[in-house]
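Read off the chains here:
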Amino acid sequence: MDFRNEIKISRTRTEHRCFLCSRKIPVGFSATKLKGKNIDGDFYQEYLCNTCNILLHRYTIVFVDDWTGNIDGDLFAEALVKCNCATPLQLLNALDEIAKQQGLEYV
């Protein structure tokens with residue numbers, strides 16, 4: 001069985017790397033910790049920067065593998081290339097613009 005728990009961290013005590021964009025999350029910055037057990041029965045703990053957390057929640061369909069239901073970093077990298085973006089914030093803005101042009105609303 002697969003499960004995931006999200007924990008909002010107000011201030012990090014140590015430096016972490018964002019699971020999705022691989023950028024550093026400096027000490028003292030807020031982040032989201034993902035803890036859980038994957039479909040193979042392995043436990044994991046990952047961190048997301050704030051921008052990637054918004055991206056993941058707003059555009060889950062883009063970054064979650066249909067087959068496994070897991071977050072897929074390769075899909076994130078593909079989205080960066082397709083949208084010609086260098087940072088997660090640029091990607092968020094690009095996807096928001098595409099959604100707006102197509103008359104879609106996000107939660």
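Refer to the structure presented above.
This structure is a prediction, so every number in the text was calculated from the model and none was measured. (Residues numbered from 1 in each chain as written. Predicted model: local features only at pLDDT ≥ 70, side-chain atom pairs only at ≥ 80, totals over all residues. Heavy atoms only, no water.)

Looking at this model, I keep getting lost on the side chain of His-16. Mind explaining?
Here His-16 lies in strand β2 (residues 16–17). Exposure remark for His-16: the relative accessible area of 18% places this residue in the buried category. Within polar-contact distance, the side chain of His-16 engages the side chain of Thr-14 at 3.3 Å. For His-16, the contacting residues outside a window of four places in its chain are Arg-23, Lys-24, Ile-25 and Tyr-47. (Helix = DSSP H or I, 4+ residues; strand = E, 2+ residues; numbered from the N terminus. Buried < 20%, exposed > 50% of the residue type's maximum accessible area, 1.4 Å probe, protein only. Polar contact = N/O pair within 3.5 Å; in protein donor to acceptor, adjacent residues only side chain to side chain. Contact = heavy atoms within 4.5 Å.)

I keep staring at the nonpolar core and nothing clicks. Help me out?
Core analysis: the largest hydrophobic core is formed by 26 residues, its most contacted members being Cys-18, Cys-52, Leu-55, Phe-63, Phe-76 and Leu-91. Counting only elements with at least two residues in this core, the list comes to β4 (31–37), β5 (43–48), α1 (50–58), α3 (73–82) and α4 (88–101). Looking at which element gives the most residues to this core, the answer is α4, with five residues. (Core = buried A, V, L, I, M, F, W, Y, C linked by side-chain atoms within 4.5 Å.)

Would you take a moment to explain the pattern of salt bridges for this structure?
Any two side chains of opposite charge can pair, so long as their charged atoms come close to each other. Counting across every chain of the model gives one salt bridge. Residue Arg-58 is joined to Asp-96 by a salt bridge in which the shortest nitrogen-to-oxygen separation is 2.9 Å. Taken together, the residues Arg-58 in helix α1 and Asp-96 in helix α4 connect sequence positions 38 residues apart. Judged by relative accessible area, which is 24%, Arg-58 ranks as partly exposed. Of the residues examined, Asp-96 reaches a relative accessible area of 17% and is grouped as buried. (Salt bridge = Lys/Arg side-chain N within 4 Å of Asp/Glu carboxyl O.)

Just to check I follow, could you spell out the pairing of β4 for this structure?
Judged by how many residues are buried, β4 sits mostly within the fold: five of seven residues are covered. Two strands pair when backbone bridges link them, and β4 and β5 are joined in this way by six bridges, in the antiparallel orientation. Residue pairing in the sheet places Gly-36 in a bridge with Tyr-44 of β5. Hairpin remark: β4 followed by β5, antiparallel, with five residues in the connecting loop; positive phi at Gly-41, about 90°. (Pairing = 2+ DSSP bridges.)

I would appreciate a short explanation of α4 in the present structure.
Residues lying three or four places apart along an α-helix face the same way, a consequence of the helix completing one turn every 3.6 residues. For α4, which comprises 14 residues, the first-to-last C-alpha distance of 20 Å matches the rise-based estimate of 20 Å (1.5 Å per residue) to within 8%. Looking at the buried residues of α4, the elements they touch are α1, α2 (60–63) and α3. A positive phi of about 75° marks Gly-103, the residue just after α4. (Expected span 1.5 Å × (residues − 1).)

Whenever I open this one, the side chain of Lys-33 confuses me. Can you help?
Along the chain, Lys-33 turns up in strand β4. One buried charged side chain, Lys-33, makes no salt bridge at all; its nearest oppositely charged neighbour is Glu-46, positioned 12 Å away. Excluding anything up to four places from it in sequence, Lys-33 contacts Asn-5, Glu-6, Ile-7, Ile-9, Gln-45, Glu-46 and Tyr-47. (Lys, Arg positive; Asp, Glu negative; His and termini not counted.)

These values are about where atoms sit, not about what they do.
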